[in-house]
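Residue-level structure breakdown
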2 protein chains.
Amino acid sequence: MMKFDLTLRVLLERANQLFPKKEIITRDYSGTFRYTYADFYKRVNRLANTLKELGVKPGDRVGTLAWNHHRHLELYFGVPCSGAVLHTLNLRLSPDQLAYVINHGEDKVIFVDKDLVPLAEAVKEKLTTVKHFVVMSDTEELPASHLSPAASYEALLSKASDQYDFPDIDEWSTAAMCYTTATTGNPKGVEYTHRGLVLHSYTAALPDALNISESDRIMPFVPMFHANAWGLPFVCTFLGTTQVFPGPRPTPEDICAVIDEHKVTLAAGVPTIWMGTLNVWETGRYDHTSLRALICGGSAVPRALHKAYLDKLGLPIIHAYGMTETTPVVLVCNPKSYMQDMNEDDKLDLASKQGILVPGLEMKVVNEDGNEVPWDGRSMGELLVRGPWIAKEYYKEPERSKPAFADGWLHTGDIVNVDPEGYCFIVDRAKDLIKSGGEWISSIDLENTIMAHPAVLEAAVIAMPHDKWVERPLACVVLKEDHRGSTTADEIIHFLTDQVPKIWLPDRVEFIEEIPKTSVGKFDKKELRQIYADVAAVEA
Amino acid sequence: MMKFDLTLRVLLERANQLFPKKEIITRDYSGTFRYTYADFYKRVNRLANTLKELGVKPGDRVGTLAWNHHRHLELYFGVPCSGAVLHTLNLRLSPDQLAYVINHGEDKVIFVDKDLVPLAEAVKEKLTTVKHFVVMSDTEELPASHLSPAASYEALLSKASDQYDFPDIDEWSTAAMCYTTATTGNPKGVEYTHRGLVLHSYTAALPDALNISESDRIMPFVPMFHANAWGLPFVCTFLGTTQVFPGPRPTPEDICAVIDEHKVTLAAGVPTIWMGTLNVWETGRYDHTSLRALICGGSAVPRALHKAYLDKLGLPIIHAYGMTETTPVVLVCNPKSYMQDMNEDDKLDLASKQGILVPGLEMKVVNEDGNEVPWDGRSMGELLVRGPWIAKEYYKEPERSKPAFADGWLHTGDIVNVDPEGYCFIVDRAKDLIKSGGEWISSIDLENTIMAHPAVLEAAVIAMPHDKWVERPLACVVLKEDHRGSTTADEIIHFLTDQVPKIWLPDRVEFIEEIPKTSVGKFDKKELRQIYADVAAVEA
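- An unreviewed UniProt entry lists chain A under the name Long-chain fatty acid--CoA ligase, with Metallumcola ferriviriculae as the source organism.
- Here chain A is described in UniProt, under the heading Sequence similarities (unreviewed entry), as follows: "Belongs to the ATP-dependent AMP-binding enzyme family."

1. Examining the relation of the copies chain A and chain B
- Taken as rigid bodies, chain A and chain B are interconverted by a rotation of 180° and an axial shift of 0.0 Å, the fit giving an RMSD of 0.1 Å. A rotation of that kind, with that shift, is consistent with a two-fold axis. Across chain A, the smallest distance between a C-alpha and the rotation axis is recorded for A:L206, namely 2.6 Å.
- Counting the interface residues of chain A, we find that 100% of their copies in chain B are interface residues as well, pointing to one common contact surface.

2. Digging into the nonpolar core
- By size, the foremost hydrophobic cluster in this structure holds 212 residues, and its most contacted members are A:F77, A:F111, B:F77 and B:F111.
- Residues lining this core come from more than one domain, with at least three contributed by each of domain 1 (1-193 + 211-247) and domain 2 (251-262 + 269-431) of chain B.
- The residues contacting B:F111, other than those within four sequence positions of it, are B:L47, B:L51, B:L54, B:V62, B:G63, B:T64, B:L65, B:L75, B:V134, B:M136 and B:Y153.

3. Regarding the packing of helix α1 (residues 8-18) of chain A against helix α3 (residues 70-81) of chain A
All names here are of chain A.
- Put simply, α1 and α3 touch, their axes get as near as 9 Å, and they point 130° apart. The angle between α1 and α3 places the two elements in the oblique class. Here the hand of the crossing between α1 and α3 comes out left-handed. Along its contact with α1, which presents L8, R9, L11 and L12, the element α3 presents Y76, F77, P80 and C81.
- The residue inventory of the contact of α1 with α3, partitioned by class, reads seven nonpolar, no polar and one charged.

4. Structural notes on the packing of aromatic side chains
Residues and elements named next belong to chain A.
- For the coordinates displayed, the defined rule picks out 23 aromatic pairs over all chains.
- Between F33 and Y35 the ring centres are 5.0 Å apart and the planes differ by 65°, which places this aromatic pair in the edge-to-face class.
- We classify F33 as partly exposed; its relative accessible area is 27%.
- You can call Y35 buried: its relative accessible area is 5%.
- Relative to F40, the ring of Y35 has its centre 6.4 Å away and its plane inclined at 75°; by these criteria the two rings are edge-to-face.

5. Overview of the sheet that holds strand β13 (residues 293-296) of chain A
Residues and elements named next belong to chain A.
- Judged by pairing direction, the sheet is mixed, and its nine strands sit side by side in the order β2-β1-β11-β10-β12-β13-β14-β15-β16 without closing on themselves. With partners counted over all chains shown, the strands left at the sheet margins are β2 (31-36) and β16 (356-357), one partner each.
- The sheet contact formed by β13 and strand β14 (residues 317-322) spans three bridges and is parallel. Bridge pairing in β14 places C296 opposite H319.

6. Brief notes about helix α4 (residues 95-105) of chain B
All names here are of chain B.
- Residues of α4 that are buried include every one of L98, A99, Y100, V101, I102, H104 and G105, and no others.
- Looking at the buried side of α4, the elements it contacts are β3 (61-65), β4 (85-88), β5 (107-113), α5 (117-123) and β8 (174-180).
- Of the residues flanking the end of α4, it is E106, one or two places downstream, whose phi is positive at about 60°.

Rules and cut-offs
Numbering of residues starts from 1 in every chain and runs along the sequence as written. Each chain gets a letter, beginning with A, and each ligand a number, beginning with 1, in the order they are written. Note on the predicted model: pLDDT of at least 70 is required for a residue's local features to be given, and 80 or more for side-chain atom pairs to be given and counted; whole-chain, interface and lining totals, by contrast, use all residues. Heavy atoms throughout the structure, all of them, feed into the side-chain values; hydrogens and water do not. UniProt positions are given in the numbering used here, feature names are shortened, and annotations may be inferred rather than shown by experiment. The copies were overlaid by least squares, fitting only the C-alpha atoms of residues that reach a pLDDT of 70 or more in each copy. In what follows, a contact means two residues having at least one pair of non-hydrogen atoms within 4.5 Å. The term nonpolar core refers to a set of buried residues drawn from Ala, Val, Leu, Ile, Met, Phe, Trp, Tyr and Cys, joined through side-chain atoms within 4.5 Å. Per-residue accessibility, obtained with a 1.4 Å probe over protein chains only, is compared with the maximum for each type, and a residue is labelled buried under 20%, exposed over 50%, and partly exposed between these values. Reported domain spans reflect what an automatic or database domain assignment gives. To get an axis, fit a line to the C-alpha atoms, keeping to the stretch in contact for a helix; angles then go from 0 to 180 degrees between the N-to-C directions. Helix and strand definitions here come from DSSP, where helices need a minimum of 4 consecutive H or I residues and strands a minimum of 2 consecutive E residues; each element is numbered from the N-terminal end. Each angle is binned into one of four classes, with values under 35 degrees roughly parallel, values over 145 roughly antiparallel, values of 65 to 115 roughly perpendicular, and all other values oblique. Crossing handedness follows the turn of the near helix against the far one: under a right angle anticlockwise gives a left-handed crossing, and clockwise gives a right-handed one. Ten residue types, Ala, Val, Leu, Ile, Met, Phe, Trp, Tyr, Cys and Pro, are classed as nonpolar, four, Asp, Glu, Lys and Arg, as charged, and the remainder, Gly among them, as polar. We call Phe, Tyr and Trp rings a pair once their centres come within 6.5 Å, taking the six-membered ring for Trp, and we label the pair stacked below 30 degrees between planes, edge-to-face above 60, and tilted otherwise. In this scheme, strands are said to pair when DSSP sees at least two bridges between them.

Shown next, in the form of structure tokens:
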């Protein structure tokens, strides 16, 4: 067979050659913007010429601090197809973290949305490698800012030629990179090769994965700065699929309006967003019937959310699982053909799992001794994966890479069980699991059970060190306003007694005002562990 | 991203790990045989151990002379996954050609179906590299034959261990090979790499290609000895799809019975077979409603066949195009989303085209000067393709490879036009095209027009050399019995006058008894050209 590199250029050229009339739509600053793949292609060529003008060379990193829109899509192709590396920047990072990832990635140019200019301004003094800022808006006018040197994206593109000869690129070249926030220390960078992104596109589109075709109209609500927006911009361009972008700062109401107006067939996002849109859809103000499904990942989709969507809107949520290190799609939850006759309860149980491995990857689930655990739906172990779109290391972090990528497998840090059909269920993060006397206790399970108590608003469970049992659970509970002072720890324990194994019962229940949260709204257990480090030490 | 080779082992292991209960079904010698992917996997392991016992080493070629059945599927995986090369032998080759390809491929072992043993016996004296014959049937008994040394497939497998540790294989290793019959000279070998077969599997399964999922029940009628049975055995195993094999010497009646009994959803074959099954289905004896479509390629699907299937059975035929050199899928004809409103006539016109390029390949259409022709639905040129599952050369044929693979493109030898939407229509084989005074005349178009004359049974058009026009068309016409002696050449020319451009009108019409055919039933124009070489020379 021919030596023919798997590169993003093939995806880009195909869209232009076969689907020049198909559309890309953005909810832009000043209303709906729409253009065709033919227009898109010309602008990607203009962008490639612009990058050359700015002195960007093959292998240089180009940062983007941007929402989901067609300009970001242009960067998704213009940067890697000209040989440079797209570095998507998480606009929710703290200024220190943002400066760190730009400097560590050695970004040469930063493309920034006009309303995100303050973020760039906040870190500009700390940046050591950036030579240019390019501000993106829907006009050629350059907004006033303290960024320097700065230029307007639209002005640069309008001056550039729409003819560019995309170079032949080795498929093992880095096309893009993204940093993942670490539990300790600085964010860690993940590099994506052209090969990995192309193969990931094939897999994501398969009927048994996300089932994407040219006839779809797809909206990634998942940010383009996060794990390639689950690869959707690449898949859709490959197939000539209509792309609909929600643009800057979309609210749940905006999402519903965009889905209605542009007849979106498939939208992708984290559970939180679909909790918000459910309320909007329930008002009946927006039509959702163009949707065939929602894709949901990033964190576990509660069973209740699956049920609410099915009961109230007749809309299935497709559960998927991945992480920055995996491009990201690893698991997708579609029932097998012979499972179609399951009753509604079993279907919901299945939908609550993260799914089965997509074609092309390999997985195993191992216990602390490195032995594989049986696929019995109960035995827990860490999920290990390997394959062509799984990272092999963290960027310029040989020491931190060793444990995560030991023996040629990515150690996901996720504790799962696998049922006999191969469906994985994420039980806990490895670091949050409580290891008590050789048994594993899922902090998530315990939290969910506590949160079902009528007096409880929120609960987070962490491990306390213990002399005999190694670790024991400590429950941090926030009571609802009207129960504060009246509900006791004993009541909580009593409530749990029939619902969890005896050894799961927390040794301590601490009532607190609020559970600390991370920048993305997850429980900050690192912070909780620090707060209770002394208490635990005394107890132990 | 990890260095993770794209090999058939990943497809095989996935079927066993995630779809052990799914079935593979064969219409076997003594009735229906069915087993699960778990059983299949064990037997592939046994086969790999058997190959080792027989002295097959990595890179050795293993020939198969076999129909479509589960044993052939075992060889599809057992041979390449153990590092050897699967060489599928065309059981319709002449003995001389068969001996040539076995010797040229240097096959070490031949696996032969019991009813095909006479074919192997007919060539055995000429074979220079074969060390073993293995006879396949549904019992452990070895049928009497003159093959030596010979063993029974079932006996060998029953003795072998069902545990085998499949080796890591470089994705650029050859997994399989197949010879294509050449218009002149010996058959030419095409090698398929693991990488190419895996990528082809991804593409074939895509919603916009053949749209294959686990829930399908697929029957390849296209022979497994021909271009990987269009890749279906690999795709289906990858996805855990139910596979249904028609077994030895299936008639159209057998095909219809198997589709009915096993509720096949998608079947693939050449137009001839679907012409035959149409008559059977019209009797109403077999149910076809499990089918969602037929896939048809190998030669052009007549518009009338599309229409007959739609009108009589409500069943669409999906036109596809490829060749031995292309693994084979290159074009598939699915209408784009915005074409759904076409009227029935336009839909049939579209269905009669070979389709658009599948994701991952690149194409261009060039005239004799090597310049690309416009995509206007009229301009003709040769189709050139390149990509990860396109051959780069003919096996051990450097001289013959040069013109076919010049400049990194496969020159398909097919003359096509491309409409503005990118749909290709095959006008003629390059060698059959008549080049008259700078204009190209499609021999196929002219033949089809002549064959519409009520007195004509068959017609083949070839080029005669001509001093002024370089070439001019000569029509060889077979009249129906009751028109012989009464219909004249002038009548044929008159019939054509309003239907084709004036320069297309044949210079000669020769009435003949029968049109010579090749081993696969196509018009043998090479033979016709020899017959008329002198006539033409005199005329010119």
